[in-house]
Amino acid sequence: MYKIHTTDLAYDFKTLRNLMAKASPSRSGDYLAGVGAVNNLERVAAQWVLADVPLKQFLNEALVPYEQDEVTRLIIDEHDSAAFAPVSHLTVGDFRNWLLSGHATTEALTAIAQGLTPEMVAAVSKIMRIQDLILVAKKCRVITRFRNTIGLENRLSTRLQPNHPADNPAGVAASLLDGLLYGCGDAVIGINPASDNLEATLRLLNMLHDVIERYQIPTQSCVLAHVTTTLKAVEQGAPVDLVFQSIAGTQKANDSFGINLNLLNEARLAALELNRGTLGNNCMYFETGQGSALSANAHEGLDQQTCEVRAYAVARKFKPLLVNTVVGFIGPEYLYDGKQIIRAGLEDHFCGKLLGLPMGCDVCYTNHAEADQDDMDMLLTQLAVAGGTFIMGVPGADDVMLNYQSTSFHDALYVRQVLGLRPAPEFEQWLQQHGIFNADNQLQQQSDVPALFKPSLQKLSG
Amino acid sequence: MSDHNDPKVVPNPWGSLKQFTPARIALGRAGISLTTRASLDFQLAHALARDAVNIPVDFAELEQRLNFMGYQTLTLKTRAENQQMYLQRPDLGRLLSASAMACLQQTAPISSDAVVVVADGLSSKAIEHHAEPFLSLLLPELQQRGYRLPPVCLVKHGRVAIADAVAEHYAARLCMILIGERPGLSSPDSMGIYFTYQARPGISTDADRNCISNIHKNGLDYEQALKKLLFLLTEAEKLQLSGVSLKDETTDTTPNHLQKRANFLLD
């Protein structure tokens, strides 16, 4: 099994796990882990072999042993074989053809989502080009709701990310208002606290709640503290809309994050009990990123892309409002340059969507990676063409707390303008009602402060 | 380059908010895009931050100052031999070089309560600007608590977990590392502190650590950072653990006038 003979060379990849790693498009993290293909020929040989592997094989050969990993158990135990039936006879290569064909309609893709495992989806992505990843993802439709509706066709939402290096409420409020006035914030208003401090978390939660209430903004808030901090906040009666957590694709990596499936379940139940959603109860917000498991030395011999997609099985269990792959955040030891970051972002989006997740992407890079704004423009544009659910909105693309570059409010306006994309309908209505957007969903010609916010700003100058 | 009085530029009349944050707000726009000025500002900052990653740390001056204050120091290296290797091989940045191991072995194996490590991380400027002033507050506090301290270890090309090796060598309960954080566009010199109780190499994970980040002129000041760290030390001693089960519950020290302004959206 897993062998190929070419005219000059013979390869025997021995295990499915090894085959997956060798077939993975080149990236620095897999070399760091010592699992990547040693040259181009080995990679393509692995892709040929992988294309002939039946999808069913992924149900028989666990890449991380069932007995030792609760993520594997989750994937196997909750596999929906009825949903899998329409594609269960296919090989990975045939599956790619099917996905690209007219048979894979939006309805057909939605119907099989629960029958696909992360490994099947990761496998097919490894033999897909960027245009394939875009074409198929564009056909997927995942709609979620809390106080608005995320993921409708021809919509692109934004997370407003008003971080401040010392969690100063005025500093947060300043970036928050700037973002709202640029039409940003329908996916969530989400703050990364500078320290995982309960008091700061409570203060920020209350503030976001008050702002959303006072200005009647049809969106939801999130303070991206550790899930245990958020649970403490719920215990203290804080107004928690979305529960946040970073998640990974192995039990060991999740251990290193201080989480497990039970804890996530407990947190979701606590948030559901608050019953704060008006249109729906998708109350979880997850973040992921290729390389996070290896970073915790918990990749179990997997390539980083397969590991990443396994994290989506964790996400899927808890019916999130949003899943965000923070693609270039982790650094060049995992994704070396713009080329690797761009492909990884599109793979993650495709894989998440195929598994039925509301997938967004933090189009981003750090200052020690070989990447720049041109690379981000390419990923941003391609992600939006692929139907990405949401992106970040950071003032001037410069996150002054997390020290990395993401997408700006201006970037979101750019991509909406060139592709004719709109915010979530409820939020769009709010923007128009207060004259932030005109009837054509564009910023007003002149940058007047809307009446809604005039009093707050006048007080400052007065 | 000036955008003033340019009819093609739409300014934002909420520039007064800039007093509250170093974030790039109220940038104005050309159409819906960044103005030429804002765009070039960004490129300039990116060039500076890219360069900051590659400036090598100079521990000689820090050593001298610490020695002058009466603290012993030890300069060590990791197995990441150069900057390129350091960036691409985080595993090597978590291991002491053979010569550093030998150097540690030579120092008296005094048993200690706490170790303090300083590493360049991704910003030598962070260490250059903030290590000495912060240590001049921290070290006397640790001594006052009666902790036995080995020399302050200065590690070139170090990752966070390098401190675990030092803590193990000195059999110390409390392990602190000051490290240069990834340079941001607006803060190329941000320093972080990681604290681990009973740190052990290969065993301690991120979940066992507490982090205090963003120590720089627009972020946490030294007193705030010290207060948080001392709180964590005290609580860790009580609970005999650190990491996600140890919550930073220090109260806010923001001056009242800022607190009041905090609610300009809500007053």
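Above this text you will find the structure in question.
Cut-off values and rules
- Residues numbered from 1 in each chain as written.
- Chains lettered and ligands numbered in written order.
- Predicted model: local features only at pLDDT ≥ 70, side-chain atom pairs only at ≥ 80, totals over all residues.
- Heavy atoms only, no water.
- Helix = DSSP H or I, 4+ residues; strand = E, 2+ residues; numbered from the N terminus.
- Rg over C-alpha atoms; globule rule 2.2 N^0.38 Å.
- Buried < 20%, exposed > 50% of the residue type's maximum accessible area, 1.4 Å probe, protein only.
- Contact = heavy atoms within 4.5 Å.
- Areas by Shrake-Rupley, 256 points an atom, 1.4 Å probe, with all protein chains shown as cover.
- Buried area = accessible area lost by both parts, 1.4 Å probe.
- Salt bridge = Lys/Arg side-chain N within 4 Å of Asp/Glu carboxyl O.
- Polar contact = N/O pair within 3.5 Å; in protein donor to acceptor, adjacent residues only side chain to side chain.
- Axes fitted to C-alpha atoms, helices over the stretch in contact; angles between N-to-C directions.
- Parallel < 35°, antiparallel > 145°, perpendicular 65-115°, else oblique.
- Left-handed = near helix turned anticlockwise from the far one by under 90°.
- Pairing = 2+ DSSP bridges.
- Patch = residues over 30% accessible without salt bridge, like charges linked within 9 Å, V, L, I, M, F, W, Y side chains within 5 Å.
- Phe/Tyr/Trp six-rings, centres within 6.5 Å; stacked < 30°, edge-to-face > 60°.
- Lys NZ or Arg CZ within 6 Å of the ring centre and 35° of its normal.
- Nonpolar A, V, L, I, M, F, W, Y, C, P; charged D, E, K, R; others polar.

(A) View of the overall build of chain A. Looking only at helices and strands, chain A has 22 helices and 14 strands in total. Whereas a compact globule of 462 residues would reach a radius of gyration of roughly 23 Å, chain A reaches 22 Å, a difference of no more than 12%. Expressed as lengths along the three principal axes of its C-alpha atoms, the size of chain A is roughly 80 × 45 × 45 Å. Expressed as a percentage of its 462 residues, the buried residues of chain A come to 68%. Of all intrachain contacts in chain A linking residues separated by at least 6 positions in sequence, the fraction that spans at least 24 positions is 77%. Counting only carbon and sulfur atoms, one obtains 48% of the accessible surface of chain A, whose full area is about 15000 Å².

(B) Representation of the interface of chain A and chain B in the model. On the chain B side, the residues contacting the 77 residues of chain A number 68 residues. At the boundary of chain A with chain B, total buried surface from both sides reaches about 6000 Å², with 56% on carbon and sulfur atoms. On the surface where chain A and chain B come into contact, there are three salt bridges. Two residues, R159 of chain B and E333 of chain A, come together in a salt bridge whose shortest N-O distance is 3.4 Å. For the pair chain A and chain B, the number of links is 25 residue pairs in polar contact (both at pLDDT 80 or more). Secondary-structure elements contributing two or more residues to the side of chain A that touches chain B are helix 11 (169-181), helix 12 (198-214), helix 13 (227-235), helix 14 (251-256), strand 14 (404-405), helix 20 (409-419) and helix 22 (454-461) of chain A. Of all the elements, helix 11 of chain A adds the most residues to the side of chain A that touches chain B, at nine residues.

(C) Here's a closer look at the packing of helix 5 (residues 70-77) of chain A against helix 17 (residues 304-317) of chain A. All names here are of chain A. Direction vectors running N to C along helix 5 and helix 17 enclose 65 degrees, while the axes themselves pass 10 Å from each other. Compared by their axis directions, helix 5 and helix 17 come out roughly perpendicular. Here helix 5 and helix 17 pass one another in a crossing that is left-handed. Contact residues: V71, T72, L74 and I75 in helix 5; R310, A313, V314 and K317 in helix 17.

(D) Main features of the sheet that holds strand 10 (residues 322-325) of chain A. All names here are of chain A. Across the sheet, four strands lie side by side as 8-9-10-11; this open sheet has parallel pairing. A strand with exactly one partner marks an edge of an open sheet, and here the two such strands are strand 8 (243-246) and strand 11 (359-361). Taken pair by pair, the neighbouring strands of this sheet meet at an average axis angle of 25 degrees, ignoring direction. In the sheet, strand 8 pairs with strand 9 (residues 284-288) via four bridges, with the strands oriented parallel. Paired with Q245 across the bridge in strand 9 is F286. Packed onto the sheet, helix 17 meets strand 9, strand 10 and strand 11 and runs at close to 170 degrees relative to strand 9.

(E) Highlighting a nonpolar patch on the surface. The grouping of V385, V418 and L419 of chain A at the surface amounts to a nonpolar patch, some 220 Å² of accessible area in total. Structurally, V385 of chain A is set in helix 19 (residues 373-385).

(F) Broad picture of the packing of aromatic side chains. Across all of its chains, the model carries eleven aromatic pairs over all chains by this definition. An angle of 5 degrees between the planes, with centres 5.6 Å apart, marks the rings of Y11 of chain A and F13 of chain A as stacked. Like F13 of chain A, Y11 of chain A is buried. Following the ring pairs from residue to residue traces out a cluster consisting of Y215, F427, W430 and F453 of chain A. The positively charged end of R182 of chain B is found above the aromatic ring belonging to F329 of chain A, 4.4 Å away from the centroid.

(G) Layout of the packing of helix 17 of chain A against helix 18 (residues 338-354) of chain A. All names here are of chain A. Two numbers describe how helix 17 lies on helix 18: the axes approach to 10 Å, and their chain directions differ by 35 degrees. In this structure, the crossing between helix 17 and helix 18 has a hand that is right-handed. Contact residues: helix 17 offers Q305, E308, V309 and Y312, while helix 18 offers E347, D348, C351 and G352. Looking at the contact of helix 17 with helix 18, its residues break down into three nonpolar, two polar and three charged.

(H) Broad picture of the pairing of strand 8 (residues 209-215) of chain B. Residues and elements named next belong to chain B. Counting buried positions along strand 8 gives six out of seven residues, so the element sits mostly inside the fold. Pairing geometry for strand 7 (residues 191-197) and strand 8, over five bridges, is antiparallel. Paired with I193 across the bridge in strand 8 is I212.

(I) Seen up close, unusual backbone geometry. Backbone geometry at A397 of chain A places phi at a positive 70 degrees, although glycine is not the residue there. By the secondary structure assignment, A397 of chain A is in the loop between strand 12 (390-393) and strand 13 (398-399). Among the residues examined, A397 of chain A registers a relative accessible area of 2% and is labelled buried. Even without a glycine there, the phi angle at N214 of chain B is positive, about 65 degrees. Structurally, the position occupied by N214 of chain B is in strand 8.

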